Amino acid sequence: MRFHLIGLVLMAGIAVPAVAQRTETVERRLERIEQELRAVQRRVFPGANGAMIGPEMEADPRIAAPAGVPASSAAADINARLDAMEGQLRTLTGQAEQNANRLRAIEDGVAQLRQATGSRLDALERAGAVAARTVEAPPANAPDSLPAPAPIRQPSRAAAQPPRNAAPVPAAAPASAAASPRASAEAEAAYNAGFHLWEQKRYAEAQQALEQAARAYPDSKWASWSRNLAGRAYLDAGRPATAAKTFLGNYQDNPKGERAADSLYFLGQSLVALNKPADACKAYDELQDVYGATMRTWLKQQLPPARAEAKCR
């Protein structure tokens, strides 16, 4: 009997260190998993300051010891904690992977949107540039379009041209008060250069020179002269629609210009050439109503046959 008791004591002494060793190993495992869990939580939830998420770390209320069962051992409690933390670690790792996938998808979408927007803007800019070039410099063979509605009218082609030996610039034309003598002289020289090109029937060169002179000296009286003669160059070159636009612009932009009345008269001629006699009559009516007795003699002589040609009432 005594030897039996001694044997039991020895067995108990051997078993206790083994249980302690198993418990120590589980504790180290627990600490390691807790550290990994905190690291994952800091990545997924930066605002949590590394604290363990309480509700998910609590024991599952469904796993409750039945009434009357003795309390579980320390090893069983530790295993339950390990299982809970491993499940939480898997959940957080999955959330981190999902967030990373969503972030990559968002970055790809933003890159595609940026590329598509850039392509659209490039296409719009190219279309705008082409449209601007078309408006500024229409092809020489492009059909002329009808100008904006305005008072209009035109005499016969023979009556429309002043005498070929007429002086380029009337000597009695007064100088603009706003222009300095030097600027006025330069503007007059620029107009005369365009006039001589038109006189030589070099219409394309005359158009360019006269329009440039009008832009360079917009405050000079020669701007009205230059734009009017540029319109005549277009008309003589067989481009009546472009000529009509030029005449209408010269009249509307500077109705007090020295060649505003002439532009109304030649606007009528351009519209007759475009087979718009009713609009031409409106231009002749405007010429008579606005300028009347102040028209220069040559215009007074040309107006009656122009109205007859357009069959104005």
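Residues numbered from 1 in each chain as written. Predicted model: local features only at pLDDT ≥ 70, side-chain atom pairs only at ≥ 80, totals over all residues. Heavy atoms only, no water.

Peer 1: Sorry, what's going on with the packing of helix α5 (residues 181–199) against helix α7 (residues 222–236) here?
Peer 2: Geometrically, a packed helix pair is captured by the angle between its two axes and the distance between the axes. Closest axis-to-axis distance for the α5/α7 pair is 10 Å, and the angle between their directions is 10 degrees. Taken as axis vectors, α5 and α7 run roughly parallel relative to one another. In this structure, α5 crosses over α7, and the sense of that crossing is left-handed. Contacts between α5 and α7 pair Ser184, Ala187, Glu188, Tyr191, Phe195 and Trp198 from the former with Trp222, Trp225, Ser226, Leu229, Arg232, Ala233 and Asp236 from the latter. In terms of residue class, the contact of α5 with α7 is built from eight nonpolar, two polar and three charged. (Axes fitted to C-alpha atoms, helices over the stretch in contact; angles between N-to-C directions. Helix = DSSP H or I, 4+ residues; strand = E, 2+ residues; numbered from the N terminus. Parallel < 35°, antiparallel > 145°, perpendicular 65-115°, else oblique. Left-handed = near helix turned anticlockwise from the far one by under 90°. Contact = heavy atoms within 4.5 Å. Nonpolar A, V, L, I, M, F, W, Y, C, P; charged D, E, K, R; others polar.)

Peer 1: Please clarify how the state of the cysteines should be interpreted in this entry.
Peer 2: Each disulfide is one covalent bond, formed between the sulfur atoms of two cysteines. Tallying each qualifying case throughout the model produces one disulfide. Across a sulfur-sulfur distance of 1.9 Å, Cys281 and Cys312 are joined as a disulfide pair. Across the disulfide from Cys281 to Cys312, rotation about the S-S bond amounts to roughly -95 degrees, and the bridge is consequently left-handed. Of this pair, Cys281 sits in helix α10 (residues 277–291) while Cys312 sits in the segment after α11 (297–310), and the two are 31 residues apart along the sequence. (Disulfide = S-S within 2.5 Å.)

Peer 1: How should the environment of Asp262 be read in this particular structure?
Peer 2: Counting through the fold element by element, Asp262 comes out in helix α9 (residues 260–273). Along the sequence, Asp262 and Tyr251 sit eleven residues apart, while their C-alpha atoms lie 8.7 Å from each other. Apart from residues lying up to four places away in sequence, Asp262 is in contact with Asn228, Arg296 and Leu299.

Peer 1: Could you clarify how one ought to interpret the pattern of salt bridges in this entry?
Peer 2: When charged atoms on two side chains of opposite charge get close, those side chains can pair. All told, the structure shown has seven salt bridges when counted by the stated rule. Note that Glu205 and Arg202 form a salt bridge whose closest N and O atoms lie 2.6 Å from each other. By relative accessible area, which is 39% here, Glu205 ends up partly exposed. Residue Asp262 pairs with Arg296 through a salt bridge whose shortest N-O separation is 2.5 Å. Remark: Arg296 occurs in the loop between α10 and α11 and Asp262 occurs in helix α9; sequence separation between them is 34 residues. Given the relative accessible area of 32%, Arg296 is considered partly exposed. (Salt bridge = Lys/Arg side-chain N within 4 Å of Asp/Glu carboxyl O. Buried < 20%, exposed > 50% of the residue type's maximum accessible area, 1.4 Å probe, protein only.)

Peer 1: Whenever I open this one, unusual backbone geometry confuses me. Can you help?
Peer 2: A negative phi angle is the norm for most residues apart from glycine, just as the trans form is the norm for most peptide bonds. A positive phi is found at Lys201, a non-glycine position, where the angle reads about 65 degrees. With respect to the element layout, Lys201 can be found in the loop between α5 and α6 (203–216).

Peer 1: Would you explain the environment of Ile33 in this entry?
Peer 2: Turning to its location among the elements, Ile33 is positioned in helix α1 (residues 2–44). Take Ile33: its relative accessible area is 4%, and that puts it in the buried class. A sequence separation of 53 residues divides Ile33 from Glu86, and the C-alpha atoms of the two residues are 7.2 Å apart. Apart from residues no more than four positions distant in its own chain, Ile33 is found in contact with Leu82, Met85 and Glu86.

Peer 1: Would you mind going over the nonpolar core with me for this structure?
Peer 2: In a soluble, globular protein the nonpolar side chains are often hidden away together inside. Core analysis: the largest hydrophobic core is formed by 27 residues, its most contacted members being Tyr265, Leu267, Tyr284, Leu287 and Tyr291. For this core, the secondary structure elements donating two or more residues are α7, α8 (240–253), α9, α10 and α11. Considering each element in turn, this core owes the most residues, seven residues, to α9. Listed in part, the 13 residues of the second largest apolar core include Tyr191, Trp222, Trp225 and Ala233. (Core = buried A, V, L, I, M, F, W, Y, C linked by side-chain atoms within 4.5 Å.)

Peer 1: Before we go on, may I ask you to explain the packing of aromatic side chains in this structure?
Peer 2: What describes a pair of aromatic rings is the distance from one ring centre to the other and the angle between the planes of the rings. Evaluated as defined, the whole model comprises eleven aromatic pairs. Consider the rings of Phe247 and Phe266, whose centres lie 5.8 Å apart with planes at 25 degrees: the pair is stacked. In this pair, Phe247 is assigned in helix α8 and Phe266 in helix α9, connecting sequence segments 19 residues apart. For the pair formed by Phe247 and Phe266, the shared burial category is buried. With a centroid separation of 5.7 Å and 80 degrees between ring planes, the pair formed by Tyr265 and Trp298 is classed as edge-to-face. Here the residue Tyr265 occupies a position in helix α9, and Trp298 occupies one in helix α11, the gap between them amounting to 33 residues. Using a relative accessible area of 0% as the deciding quantity, one classes Tyr265 as buried. Judged by relative accessible area, which is 12%, Trp298 ranks as buried. (Phe/Tyr/Trp six-rings, centres within 6.5 Å; stacked < 30°, edge-to-face > 60°.)

Peer 1: I would appreciate a short explanation of α6 in the present structure.
Peer 2: It helps to recall that an α-helix has 3.6 residues per turn; residues three or four apart then point in one direction. Spanning 14 residues, α6 covers 20 Å between terminal C-alpha atoms, matching the ideal 20 Å at 1.5 Å per step. Buried residues along α6 sit against α5 and α7. (Expected span 1.5 Å × (residues − 1).)

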